Amino acid sequence: MKQTRQQPGNKVVPFTGEFYPVADSEPTPAIPNVAAFLVIIAAALVAGLSMGAISTYQSADQVQLRQMKAQSQQLEKVKNQVCR
């Protein structure tokens, strides 16, 4: 029976005879994904800004200001109809 010599740095997959490389050195440390980190930071910033805008829009002062503006517009309409 003929025996083949295995190449250094490769392993043979049993039953298929396929070669795959063997990592002799230590695995390289994972490089932090800067793009994903920036996307997360941007999403957090947008979420914070939107929450701030919602809370400002729903504040008591803003609600009262919008009501006063609507009443002022209604008063202008009534005034224009009466003064014709």
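Further up the page is the structure itself.
Each value, and the rule that gives it
- Residue positions are given per chain, counting from 1 as you read along its sequence in written order.
- Only residues with pLDDT of at least 70 get local features here, since the model is predicted, and only at 80 or more are side-chain atom pairs given and counted; chain-wide, interface and lining totals rely on the full set of residues.
- As a rule here, side-chain values come from all non-hydrogen atoms in the structure, and water together with hydrogens is ignored.
- Going along the chain from the N terminus, every DSSP run of H or I of four or more residues is numbered as a helix, and every run of E of two or more is numbered as a strand.
- Relative accessibility under 20% of the residue-type maximum defines a buried residue, over 50% an exposed one, and the middle range a partly exposed one, all with a 1.4 Å probe and only protein chains included.
- Accessibility throughout is a Shrake-Rupley quantity obtained with a 1.4 Å probe, and a residue counts as covered only by protein chains that appear here.
- The term salt bridge refers to a pairing of a side-chain nitrogen on Lys or Arg with a carboxyl oxygen on Asp or Glu at a separation within 4 Å.
- Two rings from Phe, Tyr or Trp (for Trp, the six-membered ring) form a pair when their centres sit within 6.5 Å of each other. Planes less than 30 degrees apart are called stacked, planes more than 60 degrees apart edge-to-face, and all others tilted.
- Charge-over-ring placement is defined geometrically: NZ (Lys) or CZ (Arg) within 6 Å of the ring centre, and within 35 degrees of the ring normal.

### What to know about the overall build of the chain
Counting secondary structure elements, the chain contains 2 helices and 2 strands. Going residue by residue from the N terminus, the α and β elements of the chain occur as β-β-α-α. Counting only residues that meet the buried cut, the chain has 0% of its 84 residues in that class. For the chain, the accessible surface area stands at approximately 8400 Å², while carbon and sulfur atoms represent 63% of it.

### Focus: the pattern of salt bridges
Summed over the entire model, instances satisfying the criterion amount to 1 salt bridge. Here Glu76 ties to Lys79 by a salt bridge, and the two come within 3.6 Å at their closest N and O atoms. Residue Glu76 and its partner Lys79 are located together in helix α2 (residues 60–82), separated by 3 residues, close to a single helical turn. With a relative accessible area of 45%, Lys79 lands in the partly exposed category.

### Quick notes on the packing of aromatic side chains
Evaluated as defined, the whole model comprises 0 aromatic pairs. Across from the ring centre of Tyr57, 3.8 Å away, lies the NZ or CZ of Arg66, which sits over that ring.

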